[in-house]
Structure formats: structure tokens, C-alpha cells
Amino acid sequence: TTSMPYHLTRRLAENEAVITRHCSMLSTIDKTSITPAGEWLLDNYYLIEEQIRLVRHHLPKDFGKGLPVLLPPRHRPRIYDIATEVIAHGDGRWDSDSLAHFIAAYQEVTPLTLGELWALPGMLRLALIENLRRVSIEVANSQQERHLAEVWVSKLVVCAEQHPSELVMVIADLPRSRPPLSSAFVAELVRRLQSRGNLLMLPLAWIEQQLVDTGTTADAMTQRFNQQLAAQQLSVSNSINGLRLLSETHWADFTEAMSLVEQTLRQDPAAVYPEMHFDTRDHYRHVIEMLARHSRYSEGEIAQQIGRAHV
């Protein structure tokens, strides 16, 4: 066991910097050419910031003290790994029921500690912010590649209209600049060139030839780009809605329902424990947590001893 790994708090700061940088870049783009995912990110930037502040507030210096940590090379809290898996599995989408099934299935093999269950919402927040960082990078890259295509088409159009004799030279500059033949760049370039008719058939032919050499076509690249746009929008909307849902979920009830210690204590033969007030039950669990932390017994074993002592 260890205290909150430094790299998780450092990673949160990095994620915030990356998301902020990309959102500020997206805010400079003309609204008509911004992708749906980019728009989602910008519209919800305040919410993402608020959630990052929330994580910071809930991650005091001693947060995670006593949380079981996975062996190197991962060396991060086991519950963070579980949260990451839940978020990756649904691409940012989660709900209380599927989360409860996931945790119950996990605990059939490895019981989780009370500390881990309490840490779960914070870890899910970290995992969702991590997901938003990943998508913000993809969105920004797509946006920059589309912008590059736009710049090239403008250059070609200006030349074709004002200096037609130099057009061949400018067209030759395109392959020389080694543009990224990504789906975003190709889809935007082809779309803009095609709308110009015969004027710019030559660069269009060059692009098609380049793609044939790599075993694809402009149509296939455009289709792939449209799929990427849809996937990015889904990731962003899932993650934003996932963050909202975290704030609306009653975690005390969830933690109690998932706690194996709670299930053991509820077997009290005198049936006194289940009738106690939530705060009293919580105090019992907290004491068990402290005892387990300072002894060689697990929380589950101590809960069973208490159950037997009540008989």
C-alpha cells in the first residue's frame, strides 16, 4: 500500500493543460468549420474545468493512503485501473447498474477495500478526464489537418485565377511539402478541390495517385474521416455526460451496497446492525477499516470476527 501516487495528480495537471491548450486553439477556428466534437468540447469546457477542480478538492495530500497498488510496472492504485477499464469499455459511457455488476463480478475474485469503494468516484473522474484529453488531441489534430488542406486549396485557387502560368509550380509544391495524407487532410482537400471543377483536376489526380499507391482511395479516406468524426463526437458526449452523472449519483448508497464488509455485518444474528442509522453503520465500517490497516487481518476477516463476537 502507498499514499496517492504522485503521478496521478501530475497526470491530472497535464490533462488539464492539454485540454485547455486544445480548447483555446479550437476557439480561434471559424465556427462553420469546427467539428461536432470540437463544438462539444468548447461548449462544455467550463464543466470539464469544474470537474478537474472537484477532483483536486477531493484528492487531499493523504488521499489514497492505504489503497492497494498494482505491482510495477503499472504501480498505480488498483481502483484507478478498475475505473479506467470501466470508462474505456463504454468509451466514456457508464451507469450505476452496469458499474455495480462490474464491481460485484470483480469482487467475486478479489474483494475491494472500503477505501477503494469510496475512492471510486474520484478515480472515475480521473479516467473520464483522461478520455477527454485523448479525444481533444484527436480533434485538434483533425482540425489542424483540415486547416492545412484549406490553406493549400486557397493557394491553388488564387494562383489559378491570378497567375495561371505559375499554377504547375504551385501544384508541384504540394507533394514537395510532404503533407500528412491523413483522412482529415485528404477528405478536406478533395472536397474543396472537387467543388472547383476542372480548374484543379491536376492536384486531384496527384492525390488519387498517391492514395492508390498506399492501397486506398479518396472516397475510402472520406468515409474513414466521417467515421472518425462520429466516433470523436460520441467519445466527447459520453465523457461529458459521464462526468455529469458522477455528480448526480448517490455514492454513499452505492458504496454501502457494494461493500462486502457491509454484507458480512448485515448477517448480524441479533438483526441489530441492519436497523442502525447510516452514520452508525458507517462508523462501524470505518473502525474496521482502521483495524485492518494496522493489523495482519483483512477488513473481511475482522467483519467476520465481529459477527461471531455478536453471537
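This is a predicted model, so every value here is computed, not measured. (Residues numbered from 1 in each chain as written. Predicted model: local features only at pLDDT ≥ 70, side-chain atom pairs only at ≥ 80, totals over all residues. Heavy atoms only, no water.)

Now for the overall build of the protein chain. When helices and strands are tallied, the protein chain shows 14 helices and zero strands. Its helices and strands in sequence order give the protein chain the pattern α-α-α-α-α-α-α-α-α-α-α-α-α-α, from N to C terminus. The C-alpha atoms of the protein chain give a radius of gyration of 27 Å, which is well past the 19 Å a tight globule of 311 residues would have. Its C-alpha atoms give the protein chain principal-axis dimensions of roughly 100 × 35 × 35 Å. (Helix = DSSP H or I, 4+ residues; strand = E, 2+ residues; numbered from the N terminus. Rg over C-alpha atoms; globule rule 2.2 N^0.38 Å.)

Bringing the side chain of Thr35 into the picture now. As for its position among the elements, Thr35 is in the loop between helix 1 (6-26) and helix 2 (36-43). The class for Thr35 is buried, based on a relative accessible area of 1%. Excluding its chain neighbours within four sequence positions, the residues that come into contact with Thr35 are Val139, Gln143, Arg146 and Leu229. (Buried < 20%, exposed > 50% of the residue type's maximum accessible area, 1.4 Å probe, protein only. Contact = heavy atoms within 4.5 Å.)

It is the contact of helix 6 (residues 114-162) with helix 8 (residues 183-194), at a shortest axis distance of 8 Å, that shows an interaxial angle of 30°. Comparing their axes, helix 8 and helix 6 come out roughly parallel. Considering only the axes of helix 6 and helix 8, their crossing is right-handed. Counted together, Ser142, Glu145, Arg146, Leu148, Ala149, Glu150, Trp152, Val153 and Leu156 of helix 6 and Ala184, Phe185, Glu188, Leu189, Arg192 and Leu193 of helix 8 form the full contact between these two elements. Here the contact of helix 6 with helix 8 is built from residues that sort into nine nonpolar, one polar and five charged. (Axes fitted to C-alpha atoms, helices over the stretch in contact; angles between N-to-C directions. Parallel < 35°, antiparallel > 145°, perpendicular 65-115°, else oblique. Left-handed = near helix turned anticlockwise from the far one by under 90°. Nonpolar A, V, L, I, M, F, W, Y, C, P; charged D, E, K, R; others polar.)

Counting residues in hydrophobic clusters, the biggest one holds 46 residues, and the most contacted among them are Leu99, Leu120 and Leu124. Of all the elements in the fold, those that place two or more residues in this core are helix 1, helix 2, helix 3 (45-58), helix 4 (78-89), helix 5 (96-109), helix 6, helix 10 (218-248) and helix 11 (251-258). Top contributing element to this core by residue count: helix 6, with 13 residues. Leu120 has contacts with Ile79, Ala83, Leu99, Ile103, Trp251 and Phe254, leaving out every residue within four places of it along the chain. Grouped together as the second largest cluster of nonpolar side chains are 23 residues, Leu167, Val170, Leu193 and Leu204 included. (Core = buried A, V, L, I, M, F, W, Y, C linked by side-chain atoms within 4.5 Å.)

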